[in-house]
Amino acid sequence: MNNPDTLSQSNPQPLVLIKDLCRSFKMGKQTVKVLNGINLTLHRQEMVSIVGASGAGKSTLLHIMGTLDRPTSGQVLFEGKNLFKASETTLAKFRNRFIGFVFQFHHLLPEFTALENTYLPALIQKTPKSQAIQSATDLLTEVGLSHRLHHKPGELSGGEQQRVAVARALIRNPVLVLADEPTGNLDTHTGDDLFALLRKLNASHGTAFVIVTHNEKLSHQTDRLIHLQDGHIIDDRCLSASRVTESSEHPEDEKGGLHLDEAPPL
Ligand SMILES: Nc1ncnc2c1ncn2[C@@H]1O[C@H](COP(=O)(O)OP(=O)(O)OP(=O)(O)O)[C@@H](O)[C@H]1O
Ligand SMILES: [Mg+2]
């Protein structure tokens, strides 16, 4: 899919650069150190999994990458820019425009159909309704739900609900999708299918994915596997040399970086 609004060839900076990131929480008189000096570079179109024991800091890291939470110290640069210097309003606008989220529980609105749940974020972004409906229909077709457009979440299976959540995450053409245990609530077979879908969307849309998962088998299907332990990265390995070949199916102009100029001034 072409995404000329957000992608360009021009910016040589990595999509996300994390330097010495620490996050701690004050609990009464105690300080709980959750992330302890994370250094990480995320490239465009990468599909990365993050694994680690419960409490290792995976969700905390994902929330900061998604600008839902702020670092205690250290830097997170999006194409070289420190968005955390911006106001909450600016940060929210940036997040809505450039980042998609998929959670363990789909968080779909029960009163709305699959189609409405998918296109609502585009409407909020002031996309004309007819265009939003068309994009949502295309995405739901791509995730295999063209026959379920008018079903409400309660009339969909767990796997179908999660596929709607994936379509919703992609409706604004984000450059980065952050998924926290997207298969955690699904049976093995449905989880495998969802993961295969994420892989396909990563290739077809050129969207970068960071996926937190407890599923070791699935984590090995990404390009890169990061292992977090007690707030430290203890392993960060490339799993796939084939990405260059895979992404070469895209025209050159689809592969650039964020046009942060589009985001509100910082
Ligand atoms: N707002 C908070 N206040 C205090 N402590 C917190 C807060 N958020 C997270 N923590 C603590 O930080 C640690 C890491 O939490 P996090 O949710 O990032 O873990 P996780 O790796 O995602 O675990 P899981 O696999 O169980 O989801 C936990 O020990 C948690 O209790
Ligand atoms: Mg978590």
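Conventions used here
Residues numbered from 1 in each chain as written. Chains lettered and ligands numbered in written order. Predicted model: local features only at pLDDT ≥ 70, side-chain atom pairs only at ≥ 80, totals over all residues. Pairing = 2+ DSSP bridges. Helix = DSSP H or I, 4+ residues; strand = E, 2+ residues; numbered from the N terminus. Axes fitted to C-alpha atoms, helices over the stretch in contact; angles between N-to-C directions. Parallel < 35°, antiparallel > 145°, perpendicular 65-115°, else oblique. Left-handed = near helix turned anticlockwise from the far one by under 90°. Contact = placed C-beta atoms within 7 Å. Nonpolar A, V, L, I, M, F, W, Y, C, P; charged D, E, K, R; others polar. Expected span 1.5 Å × (residues − 1). Buried ≥ 20, exposed ≤ 12 C-beta atoms within 10 Å, placed from the backbone. Arc of directions from axis to C-beta. pLDDT = per-residue confidence, 0-100. Near = placed C-beta within 6 Å.

Caption draft 1: Structural view of the pairing of strand β10 (residues 232-238). Two strands pair when backbone bridges link them, and strand β9 (residues 224-229) and β10 are joined in this way by 6 bridges, in the antiparallel orientation. Following the sheet pairing, His227 is matched in β10 by Asp235. Taking the residues that link successive antiparallel strands as the turn, the β9-β10 hairpin has 2 residues, and the phi of Asp230 there is positive, at about 50°.

Caption draft 2: View of the sheet that holds strand β1 (residues 16-27). With respect to topology, 4 strands assemble into an open sheet ordered β2-β1-β4-β5, the strand pairing being antiparallel. Bordering the open sheet on either side are β2 (30-42) and β5 (81-82), each of which pairs with just one other strand. The pairing of β1 with β2 spans 10 bridges and is antiparallel. Residue pairing in the sheet places Met27 in a bridge with Gln30 of β2.

Caption draft 3: Summary view of the packing of helix α3 (residues 114-124) against helix α4 (residues 129-142). Interhelical geometry of α3 versus α4 gives an angle of 130° and a closest axis separation of 8 Å. The orientation of α3 with respect to α4, classified from their angle, is oblique. Of the two possible hands of crossing, α3 and α4 adopt the one that is right-handed. Facing α3, whose interface residues are Ala114, Leu115, Thr118, Tyr119, Ala122 and Leu123, α4 presents Lys129, Ala132, Ile133, Ser135, Ala136, Thr137, Leu139 and Leu140. Residues belonging to the contact of α3 with α4 are distributed by class as follows: 10 nonpolar, 3 polar and 1 charged.

Caption draft 4: Broad picture of α4. Counted at 1.5 Å a residue, the expected span for α4 with its 14 residues is 20 Å, and the 20 Å between its end C-alpha atoms agrees. All buried positions along α4 are accounted for by Ala132, Ser135, Ala136, Leu139 and Leu140. Viewed along the axis of α4, the buried residues span an arc of 130°, placing them on a single side of the element. Turned more than 90 degrees off the buried face of α4, the exposed positions are Ser130 and Gln131. Structurally, α4 contributes buried residues whose contacts are with α3 and α5 (158-170). Remark: Gly144 follows α4 within two positions and exhibits a positive phi of approximately 85°.

Caption draft 5: Region of the structure containing the confidence of the model for the protein. Confidence in the prediction for the protein averages 88 pLDDT; 86% of positions are at 70 or higher. Predicted confidence is poor over residues 1-9, with pLDDT under 50, and the contacts of this stretch with residues over four places away or in other chains come to 24 contacts. Below a pLDDT of 50 lies the segment residues 242-256, which in the model reaches 22 contacts outside its immediate sequence neighbourhood of four places, other chains included.

Caption draft 6: Spatial organisation of the site of ligand 1. Around ligand 1, the neighbouring residues are Phe25, Met27, Val32, Val34, Gly52, Ser54, Gly55, Ala56, Gly57, Lys58, Ser59 and Thr60. At the level of secondary structure, the elements contributing two or more residues to the shell around ligand 1 comprise β1, β2 and α1 (58-65). Classifying every residue of the shell around ligand 1 gives 5 nonpolar, 6 polar and 1 charged.

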